Amino acid sequence: MSAPDGSPVGAERSIGQLFASATTELSALVHDEIALAKAQLKQDVKRGAVSGGAFTVAGAVLVFSLPMLNFALAYGIRTWSDWNLAVCFLLSFAANVLIAGGLALIGVVFAKKAQKSKGPQKVAASMKESAGVLQNAKPHPRPELPQDRVPEAIEAVARSSS
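Not measured: the values here are computed from a predicted model.

**Observations concerning the overall build of the protein**
Here comes step 1: The secondary structure content of the protein amounts to 4 helices and 0 strands.
Here comes step 2: Secondary structure of the protein in N-to-C order comes out as α-α-α-α.
Here comes step 3: In the protein, which comprises 162 residues, the proportion classed as buried is 8%.
Here comes step 4: At a minimum sequence separation of 6, the contacts of the protein that also span at least 24 residues come to 40%.
Here comes step 5: As presented, the protein carries roughly 13300 Å² of accessible surface, and 69% of it is formed by carbon and sulfur atoms.

What follows is the structure, encoded as structure tokens:
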């Protein structure tokens, strides 16, 4: 068994060799983490697109069924009250306006909360700080693996992303 730099395990290595090995492994780890994040992001985007399409179709069905609800509400008011049918339709319209106003108010509250959120800025600052730390370490190239051997971690990433 040997270390990533080719020296036997258990053999005395210099501090320079240890540092070179550590930076090589850190660089490899960062690259593997980036590859894993890309694979997961691709899968999440695909799921989000399917979800968005399903919500769009559900919204379209709901929008096209609203006139039926308005007619049912107006005729229901007419049945219970014996008022003029035009007044019943105006009451149905007023109910829709009140519901739309309530939903718009909820939307405004959530939009203000989202605007105050500093989540993306915090993530960007953290990434810049990490990049600044990693710029000081000089990465060393990884030892090449034989063509017939693929690292188990890469196989796991490939399996999880499919």
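**Notes on the packing of aromatic side chains**
Here comes step 1: According to the stated counting rule, one finds 2 aromatic pairs in the structure shown.
Here comes step 2: Residues Phe 71 and Phe 89 carry aromatic rings whose centres are separated by 5.4 Å and whose planes lie at 80 degrees to one another, so their mutual orientation is edge-to-face. Of this pair, Phe 71 sits in helix α1 (residues 15–81) while Phe 89 is found in helix α2 (residues 85–116), placing the two residues 18 residues apart along the sequence.
Here comes step 3: Residue class for Phe 89 comes out partly exposed when judged on its relative accessible area of 28%.
Here comes step 4: Here Tyr 75 and Phe 89 contribute two aromatic rings whose centre-to-centre distance is 5.9 Å and whose plane-to-plane angle is 80 degrees, an arrangement assigned as edge-to-face.

**Regarding the confidence of the model for the protein**
Here comes step 1: Looking at the protein as a whole, its pLDDT mean stands at 79, while 67% of the residues score no less than 70.
Here comes step 2: Taking the mean pLDDT of every element in the protein, the minimum, 54, falls on helix α4 (residues 152–161) and the maximum, 92, on α2.

The rules behind these values
- For every chain, the first residue of its written sequence is number 1, and the numbers climb from 1 along that sequence.
- In view of the model being predicted, local features appear only for residues whose pLDDT reaches at least 70, and side-chain atom pairs are presented and counted only at 80 or more, with totals across whole chains, interfaces and linings using the full set of residues.
- Hydrogen atoms and water are omitted, and side-chain values are computed over all heavy atoms in the structure.
- Helix and strand labels come from DSSP, where a helix needs a run of H or I of at least four residues and a strand needs a run of E of at least two; each type is numbered from the N terminus.
- Relative accessibility decides the category of a residue: with a 1.4 Å probe and only protein chains considered, values under 20% of the type maximum give buried, values over 50% give exposed, and everything between is partly exposed.
- Contact definition: two residues touch when any of their heavy atoms are within 4.5 Å.
- In short, Shrake-Rupley with a 1.4 Å probe defines the accessible areas, and a residue's cover is counted only from the protein chains shown.
- Working definition: rings of Phe, Tyr and Trp (its six-membered ring) pair if their centres are within 6.5 Å, and the pair is stacked with planes under 30 degrees apart, edge-to-face with planes over 60 apart, and tilted otherwise.
- The pLDDT value expresses, per residue, how confident the predictor is, ranging between 0 and 100.

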